[in-house]
Amino acid sequence: MTAVPGAGAGSVFANRILVAAAGKAQAVDAGLQVMVSKILGYGILVGSLFLQVPQLVKILRLRSVAGISRWSRYSEVPINTSSCIYHFLIGAPLSTWGENIIVLTQNLVIVCTCWIWDKHRVAKREMVSAVAALALLSAVQLSLPPSLVPLLIWLNIPFILGSTVPQIVQNFQQGHTGQLAIATCFMKMGGCVVRLFTTITQIGFDPGLLIGYGAGASMNLTLMLQVGASTPNTSQLPCAFF
């Protein structure tokens, strides 16, 4: 059988075209994922402006923090602080962590309302100790050598558990969720789920971040279920309780 001249060269050329086209398609797909990730990231940043609004409205309307665990809030503040410092030190895009700045401010406001309206008067020593501990923790984290920075985000995981487990336990013990806002829990859970995607697409497979966001999503889902399950008990509470 007579070979067709140039057939081999044509086949190689066609393969090269297919490989190049596949490479361009992959590049476009990766670029599209990053673009979607950035849009979602900045969407979370804007949405974070309203994250604690439902909770703050409930507190300010009745001037009460009944059902709110201030120890959970003490643990939540370092989460935002550590996350800001970690992402800043590794040079991560603002679209992957910017909401932490806003949420940190909101959580500080809620801590202050706990100090003002907690039915059990909060000692000044506790307030000073909380402020000093946060300042010391932030100073230590900012001074970490580059080799230890990756460990910083792993230290956030105990704080994530500490910010939700006391609230979950308190809800279980008292049989109601008091002033806890389910909308805020829902937005936190949704934000954690989206952050799983934005972290993978913009930062990479960072186990500490991914485990932290996974834990945050599951803990806030638990709080949502508690709010839903205890609604009958919470609705029967007298206004004087708040």
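So, here is what we can say about the structure in this document. The numbering scheme is per chain: residues are counted from 1 as the chain's sequence reads. The predicted origin of the model limits local features to residues at a pLDDT of at least 70 and limits the giving and counting of side-chain atom pairs to 80 or more, whereas totals for whole chains, interfaces and linings rest on all residues. Heavy atoms from the whole structure form the basis of all side-chain values; hydrogens and water molecules are not counted.

1. A closer look at the overall build of the protein chain
Convention followed: For the purposes of this entry, the term helix denotes a DSSP run of H or I that reaches at least four residues, the term strand denotes a run of E that reaches at least two, and both are numbered from the N terminus. Relative accessible area decides the class of each residue, using a 1.4 Å probe on protein chains only: under 20% of the type maximum gives buried, over 50% gives exposed, and in between gives partly exposed. Contacts: residue pairs with any heavy atoms within 4.5 Å of one another.
Along the protein chain, the regular secondary structure elements total 10 helices and zero strands. Going from the N terminus to the C terminus, the protein chain shows its helices and strands as α-α-α-α-α-α-α-α-α-α. Residue burial in the protein chain is summarised as follows: out of 242 residues, 43% are buried. Considering only residue pairs separated by 6 or more positions, the protein chain has 86% of its internal contacts joining residues 24 or more positions apart.

2. Observations regarding the environment of G208
Examined against the element boundaries, G208 turns out to sit in helix 9 (residues 207-229). Given a relative accessible area of 1%, G208 falls into the buried group. Along the primary structure G208 and L152 are separated by 56 residues, whereas in three dimensions their C-alpha atoms are 8.8 Å apart. Once you skip the residues sitting within four places of it in the chain, G208 turns out to touch I153, W154 and I157.

3. Considerations on helix 5 (residues 124-142)
Note the following rule: By this rule, a helix spans an expected 1.5 Å times one less than how many residues it contains. The arc in question is the one spanned by the directions pointing from the helix axis to the C-beta atoms.
The end-to-end C-alpha separation of helix 5 is 27 Å, in line with the 27 Å expected for 19 residues at 1.5 Å each. Turning to helix 5, its buried residues are E126, S138 and Q141. Projected down its long axis, helix 5 carries its buried residues within an arc of 100 degrees, all on one side. Exposed side chains of helix 5 directed beyond 90 degrees from the buried face belong to K124, R125, V128, V131 and L136. As for helix 5, its buried residues are in contact with helix 3 (70-90) and helix 6 (149-152).

4. Focus on unusual backbone geometry
Most peptide bonds take the trans configuration, and most residues that are not glycine carry a negative phi. The phi dihedral of R63 falls on the positive side, at around 50 degrees, and the residue is not glycine. Structurally, R63 can be placed in the loop between helix 2 (53-62) and helix 3. With a relative accessible area of 59%, R63 lands in the exposed category.

5. Some thoughts on the nonpolar core
This is how the line gets drawn: Each nonpolar core is a collection of buried residues, namely Ala, Val, Leu, Ile, Met, Phe, Trp, Tyr and Cys, held together in the definition by side-chain atoms within 4.5 Å.
Core analysis: the largest hydrophobic core is formed by 23 residues, its most contacted members being Y86 and L180. Within the residue set of this core, elements represented by two or more residues are helix 2, helix 3, helix 4 (99-117), helix 6, helix 8 (182-203) and helix 9. Looking at this core, the element that brings in the most residues is helix 9, giving seven residues. If sequence neighbours within four positions are ignored, L180 has contacts with Q55, K58, I68, Q167, N171, C185, L223 and V227. With six residues, the next largest nonpolar core counts Y74, L104, V111 and V122 among its residues.

6. So, the environment of T222
The topology assignment puts T222 in helix 9. A sequence separation of 33 residues divides T222 from M189, and the C-alpha atoms of the two residues are 9.8 Å apart.

7. Digging into the packing of aromatic side chains
Stated precisely, the cut-off is as follows: Aromatic pairs are defined between Phe, Tyr and Trp rings, using the six-membered ring for Trp, whenever the two ring centres lie within 6.5 Å; interplanar angles under 30 degrees are classed as stacked, those over 60 as edge-to-face, and all others as tilted.
Across all of its chains, the model carries one aromatic pair by this definition. For the ring pair W71 and Y74, a centre distance of 5.1 Å and an interplane angle of 90 degrees mean the geometry is edge-to-face. You can see W71 and its partner Y74 sitting in helix 3, three residues apart, about one turn around the helix. In this structure Y74 comes out as buried when scored by relative accessible area, which is 16%.

8. Things to note about the pattern of salt bridges
As a reminder of what qualifies: Just to be clear on terms, a salt bridge is a Lys or Arg side-chain nitrogen sitting within 4 Å of an Asp or Glu carboxyl oxygen.
Summed over all chains, the structure comprises five salt bridges. R70 is the salt-bridge partner of D118, the closest N and O atoms lying 2.9 Å from each other. With D118 in the loop between helix 4 and helix 5 and R70 in helix 3, this residue pair connects regions lying 48 residues apart in the sequence. Like D118, the residue R70 is buried in the burial classification. K188 is the partner of E76 in a salt bridge, and the nearest nitrogen-oxygen pair spans 2.7 Å. Of the two residues, E76 is situated in helix 3 and K188 in helix 8; the sequence distance between them amounts to 112 residues. Overlapping salt bridges, with partners in common, bring together R70, D118 and E126 in one network.

9. Topic: the environment of V36
Of note, V36 is situated in helix 1 (residues 7-47). For the pair V36 and F197, spaced 161 residues apart in the sequence, the C-alpha separation amounts to 9.8 Å.

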